[in-house]
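The chain contents come next:
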Amino acid sequence: MALPIDFITRTRALLGEEFDRLEAALSADVPVSIRINPMKGTPAPKAGAPVAWCESGFYLPERLSFTFDPLFHAGAYYVQEASSMFLEQAIKAYVKEPVRCLDLCAAPGGKSTHLASLLPDGSLLVSNEVIRSRSYVLAENIAKWGHPDTIVINNDPEEIGEALPHLFDVIVTDVPCSGEGMFRKDTDSTGEWSVDNVRLCASRGRRIIHDIWNALKPGGILIYSTCTYNTEEDEENIHYIIEELGAEALPIPTQEEWQITGALRFEHPVYRFFPHKTRGEGFFLAALRKAEGEIEEIRVKSKGKKERGKAAPSIPQEARLFLSDETSFSLEWNGSFLRAYPKAHSDLFSLINAKPLRVLSAGICLGEAKGKDFIPSQELALSTALTPNAFPSVELEWEDAIKFLKKEALVLPSGIDKGYVLVRYQRLPLGFVKNLGNRANNLYPQEWRIRTGYIPEEIKLFLGR
C-alpha cells in the first residue's frame, strides 16, 4: 500500500518508532468480524474467535459469501469492523436504565443495530442519516435487525437540535472523518487523503457536535467516535468539547490485554485502536457527560381543524393477531400503511411525527391497505415482535431462498394454503409471498433484492449448507 507522504510524516511524529509496526500492519490481511443478533437466537459461529470487548462479536477465519447467505439478509448477524464494537463498553459503563438514544450519523447501521441489542429493555433508539440515499440503507438494516423500539429519520443535525431540545439521554456521534483507520480496508481511500481534508473533517466534527448539543439532556452522555488516527479530529476535538461546551470526559473500563492506546495529546480519557496492537481497524472513541442544568420543554403545535376532523379507517382485526404481544403496541394508520408503535414510547412517536422531521420508519410497519386487501409488510416479516404462527409458512432450501432474495418467481410445495405465506430459511423469516396455487407472487422489496446475476462456484455460509 502506498501511503501519502504527509500521512507518514505526521503519523510517525505521533508514534515514533512504533510507526513501522503500524505501516507493516496496514499491509496485512483485513480481519473479518461479525455481530450475531441475540434477539433472533443466532448461535455463535463454530469457527469464530470472540471479540474481547463485545459479547456478541466474533472474528471469522475467512470472509463468507455474505451476499449469498440468506441468514445475513434475515438479520441473523451483521458484518461489522471489530474495533467499532468497543461502543459496547461505553454503553455498559454509563447506561443502566431505559434511555432515549440518538445515533446521529448512523448509516449503514452497524452502531444502530449494536445499540438496539445493547440498550436496556424499554429504551427507544432514533437512528439518523443526513444523506438521503444512505438513509434508506440504514432503514433497511434496522428493519432486518427486527427491533420494534426504533425510529429512522433523515435530517441534518441542526434540524434535530432545533426540533428536539433536551430529548435524548444518550447521543452517539460517529462523525464523518478523514478515514485513516480504513486505509487497509479501502486502499483507494489513500488517494483521497490530504492534510486539508483532515482540517476540514475536524471542523465539520465540531460543527456537528455544536448542532446536536441542544438535543442532549443536561447530564446526558455524548459518545464521540471516528475511524482516524490524527489528533485534530480526535483529542483536539474532545478538548474543544470540554473547553467550549463544558463537558466532562468519562473513563471507560478496559483490560490491559486489549492493547488499547490512550491519549496522544492532552490528558483526557480517550480510547484509540491501532491495527498493529488490536485485531481490527483504526478507531477512536470518547465518552463525555453534559453539565447538569434546566431541561427545556418541547412544544408541539396543535393539529389544525381539518387534520383533527379526519376519521381514521378501522383497524383490520387480523392485524392485531400479527404481534406476539399486541397489548404492548398502539396501531395507527399512516396514510394507507398501518404501523404498530410501542405503547411505552407512544408520546415520543407522536412527538417526532409531529415535528418537521423526515421519518423513514417508526415502530413496525404491519402492512398496506389496497382496496379490500391488506398486504403484510417486509418489516413485519423480519420483526422480532411477529407472532410465529400468524401466517402459514414454508421452509426454503438455499437455492430457493436465493431466488426469493433476487425477487424471482417461486413454486411452493403442494398443500400450502393460498394467500400470504411467510417464507423462512433455517427457521428465520425472509419475507412474504402471495400463494395463488399454481404460482407465488414474490413480495420481497424491489430495492432490497440481490442484483448480481453472478453466483460464485464456492459459497461459504455462516451455518454451512
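Residues numbered from 1 in each chain as written. Predicted model: local features only at pLDDT ≥ 70, side-chain atom pairs only at ≥ 80, totals over all residues. Heavy atoms only, no water.

In the nomenclature of an unreviewed UniProt entry, the chain is known as tRNA and rRNA cytosine-C5-methylase of Parabacteroides distasonis. Within the UniProt record for the chain, the comment given under Sequence similarities (unreviewed entry) is "Belongs to the class I-like SAM-binding methyltransferase superfamily. RsmB/NOP family." (UniProt positions renumbered as here; feature names shortened; annotations may be inferred.)

On to the sheet that holds strand β4 (residues 77–79), then. Hydrogen bonding along the main chain pairs the strands of a sheet, whether they run parallel or antiparallel. The 4 strands lie next to each other as β2-β3-β1-β4, forming an open sheet whose pairing is antiparallel. Every interior strand has two partners, whereas the edge strands, β2 (49–50) and β4, have only one. Pairing geometry for strand β1 (residues 32–36) and β4, over 3 bridges, is antiparallel. Each residue of the ladder has a partner; that of R35, found in β4, is Y78. (Pairing = 2+ DSSP bridges. Helix = DSSP H or I, 4+ residues; strand = E, 2+ residues; numbered from the N terminus.)

Take the sheet that holds strand β18 (residues 393–395) next. Judged by pairing direction, the sheet is mixed, and its 4 strands sit side by side in the order β18-β19-β20-β21 without closing on themselves. Edge positions in the sheet fall to β18 and β21 (440–442), since each of these pairs with one other strand and no more. Strand after strand, the sheet turns through a mean of 40° between neighbouring axes, direction not considered. Note: β18 against strand β19 (residues 419–425), 3 bridges, orientation parallel. The residue of β19 that forms the bridge with V394 is V423. This element, helix α13 (residues 398–405), spans β19, β20 (428–435) and β21 of the sheet and lies at about 70° to β20. (Axes fitted to C-alpha atoms, helices over the stretch in contact; angles between N-to-C directions. Contact = heavy atoms within 4.5 Å.)

Examined against the element boundaries, S361 turns out to sit in strand β15 (residues 359–362). S361 gets classed as buried once you look at its relative accessible area, which sits at 8%. Through-space distance from the C-alpha of S361 to that of K217 is 24 Å; in sequence the pair is 144 residues apart. Here S361 is in contact with A139, T150, I151, V152, R339 and E379, once residues within four sequence places are set aside. (Buried < 20%, exposed > 50% of the residue type's maximum accessible area, 1.4 Å probe, protein only.)

So, on to the pairing of strand β12 (residues 283–289). Buried residues dominate β12, accounting for 6 of its 7 residues. Examined bridge by bridge, strand β9 (residues 216–226) and β12 share 6 bridges and lie antiparallel to one another. Each residue of the ladder has a partner; that of S225, found in β12, is L285. Alignment of strand β10 (residues 248–250) against β12, held across 3 bridges, turns out to be antiparallel. Residue pairing across strands places L250 opposite A287, the latter belonging to β12. Across 3 bridges, strand β11 (residues 271–273) lies against β12 in antiparallel orientation. Bridging from a neighbouring strand, F273 pairs with F283 of β12.

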